Amino acid sequence: MISNSGPVAAVYASLFPKRVRAMLIDSTVAPEFRDYLIERWSEESASYDLALRRADQICRRDVSCPLHEMGVVAAFDTVFARLLTEPVTAPNGTKFTARDLSDTFFNLLPVEQRWPLVAGALSQALAGDFTLFFQLQSPPSNAGDGFIARSCNDYGTRRTAADYLPMIEAVGDTYPRFIGRFMLANIIASCSAWPDADPPIIHNVQRQLDVPILLIGSEFDPAVPLSWTKRMAQALGMEQHVVRYQGGGHVLVQRSDIPCISDVIDSYLFDLRLPSEGYTCPAVSLAPRVQQNGTQALDAANDEPWGMEQLDIRYGE
C-alpha cells in the first residue's frame, strides 16, 4: 500500500494490522495536533517560507541564475508589494493581484522540479513582464469544498472564529507571504460550526506487523514539514524507518528523477527490504539554464524532469 494521505493509512494500519503486507507513507500530515486549526496552518506557513528561502539559497549560489544578486526572497517581496498597490491586467482581462502571486507560488513550490521557474518568472516580473505568471496561474477549482470538509473532519478542534483572531493576526504577521490571514481565517470560520469529530485512531503497531511501515519525506517540503513525518513515525512505533530526502518537493513516490528514492521504494514494496536506519537521500541538482526570451505557453504534459521544456527557461549548467 502506498499513501500520501498519512492519517488514512495510519488509521488503516492501526485498525487492520494483519492486512498490511507493506505500507509506504509518503509526505504525511502529523498524527495529531493539540489545536489543529492553528498548529497545522502556522507550521505549514513556516514550511512554505523555508522552501522559498531554500530556492533563494540555490539561486544565489549559481551565478547564471537571473536573481543571483538580488535573491528570490527579495524579488518575491518586491513584486508582491508592487501588486498590492497596482495589480496587472492579464490578456484575458482579469487582474493579477498579490494574492494571485502568492497562490501561484503555493502551487509551484511543492514541485521541486519547477523551482527554476520561480527565479525566471520573478526576474521577468521585476521588468514588468508577467507573461510567465499568467501561464502558470492555476485555473479556478471546485476542490475547496472537499478540502474544507476533509480538514474540518480530520481533527476535533472546535472554537469560535473570534477566539482565534489574535492568533490569526500573529501568524499573518510572522508569515505574510503564503496562506496568510485571509486563508487562515476562512478555514477557521468554515470549521468553527462543523460537527464534532473524533481524533484519528492511530496506535503503535510495531509488534503487530510482519514488515515495518516505511515513511519518507523531504527536508524542504512546503506543504508537509518533515517533522510531521517523524511525528507520524513515532506514533506508529516506526521511528527507525524514516527515509529523509535532503531536497524539496511534496510527494516523492512519483519522482523518477531521484534514483536513490526510487531504489528504496522498489526494494521495499517488491522485495520487502528496508533501508538502513537513518537512511538519507541527497538532493538532486537543480541545474537548469535560463534563457530570458522563453515565454511560450506551459504545456500540459509535465513528464520532463523540470516540467518546463516548452517554456525554454533554465538556469545553471
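Structure: see above.
As the structure is a computational prediction, the values presented were derived from the model and not from experiment.

From N to C terminus, the protein chain includes eleven helices and seven strands. Here the protein chain holds 317 residues, and 49% of them are scored as buried. If you take every contact in the protein chain between residues at least 6 apart in sequence, the share linking residues at least 24 apart comes to 72%. Accessible surface, the protein chain: about 15100 Å² in total, of which carbon and sulfur atoms supply 51%.

When a strand is regular, its side chains alternate between the sheet's two faces. Counted residue by residue, strand E5 (residues 214–220) has six buried out of seven residues, so it is predominantly covered. Relative to E5, strand E2 (residues 24–26) runs parallel, the two sharing three bridges. Among the inter-strand pairings, Asp26 is bridged to a residue of E5, identified as Ile216. Strand direction decides the pairing type here: E5 and strand E6 (residues 242–248), joined by five bridges, are parallel. Within E6, the position partnered with Phe220 by the bridge is Gly248. Each parallel crossover has a hand, and for E5 linked through helix H10 (residues 226–236) to E6 it is right-handed.

Bringing the state of the cysteines into the picture now. Per the stated rule, a full pass over the model turns up two disulfides. Each sulfur of the disulfide joining Cys59 and Cys65 lies 1.9 Å from the other. Handedness here is read from the sign of the S-S torsion; for Cys59 and Cys65, about -85 degrees, the answer is left-handed. Each member of the pair, Cys59 as well as Cys65, is classed as buried. In this model Cys260 forms its disulfide with Cys281; the gap between the sulfur atoms is 1.5 Å. Taken as a pair, Cys260 in helix H11 (residues 259–271) and Cys281 in strand E7 (residues 280–281) lie far apart in primary sequence, 21 residues in all.

Attention shifts here to helix H4 (residues 98–108). Among all positions of H4, only Ala98, Asp100, Leu101, Ser102, Thr104, Phe105 and Leu108 are buried. The elements touched by buried residues of H4 are helix H2 (36–60), helix H3 (72–85), strand E4 (95–96), helix H5 (115–126) and helix H6 (131–136). Sitting at the head of H4, Thr97 places a side-chain oxygen 3.3 Å from the backbone nitrogen of Arg99.

The next point concerns the side chain of Thr104. The residue Thr104 is located in helix H4 in this model. Judged by its relative accessible area of 2%, Thr104 is buried. Excluding residues within four positions of it along the chain, Thr104 makes contact with Phe96, Phe133, Leu136 and Gln137.

On to the pattern of salt bridges. Evaluation of the coordinates by the stated rule reveals ten salt bridges. Where Arg40 meets Glu44, a salt bridge forms, and the shortest distance between an N and an O atom there is 3.0 Å. A residue pair is termed a helical-turn pair when its members lie 3 or 4 positions apart in one helix, as Arg40 and Glu44 do in helix H2 at four residues. A salt bridge links Arg60 to Asp56, with the nearest nitrogen and oxygen atoms 2.9 Å apart. Of this pair, Arg60 and Asp56 both sit in helix H2, four residues apart, which is roughly one turn of that helix. Arg60 sits in the partly exposed class, given a relative accessible area of 38%. Judged by its relative accessible area of 10%, Asp56 falls in the buried class.

Reading guide: rules and limits
Residues numbered from 1 in each chain as written. Predicted model: local features only at pLDDT ≥ 70, side-chain atom pairs only at ≥ 80, totals over all residues. Heavy atoms only, no water. Helix = DSSP H or I, 4+ residues; strand = E, 2+ residues; numbered from the N terminus. Buried < 20%, exposed > 50% of the residue type's maximum accessible area, 1.4 Å probe, protein only. Contact = heavy atoms within 4.5 Å. Areas by Shrake-Rupley, 256 points an atom, 1.4 Å probe, with all protein chains shown as cover. Pairing = 2+ DSSP bridges. Right-handed = clockwise from strand over helix to strand, strands pointing away. Disulfide = S-S within 2.5 Å. Polar contact = N/O pair within 3.5 Å; in protein donor to acceptor, adjacent residues only side chain to side chain. Salt bridge = Lys/Arg side-chain N within 4 Å of Asp/Glu carboxyl O.

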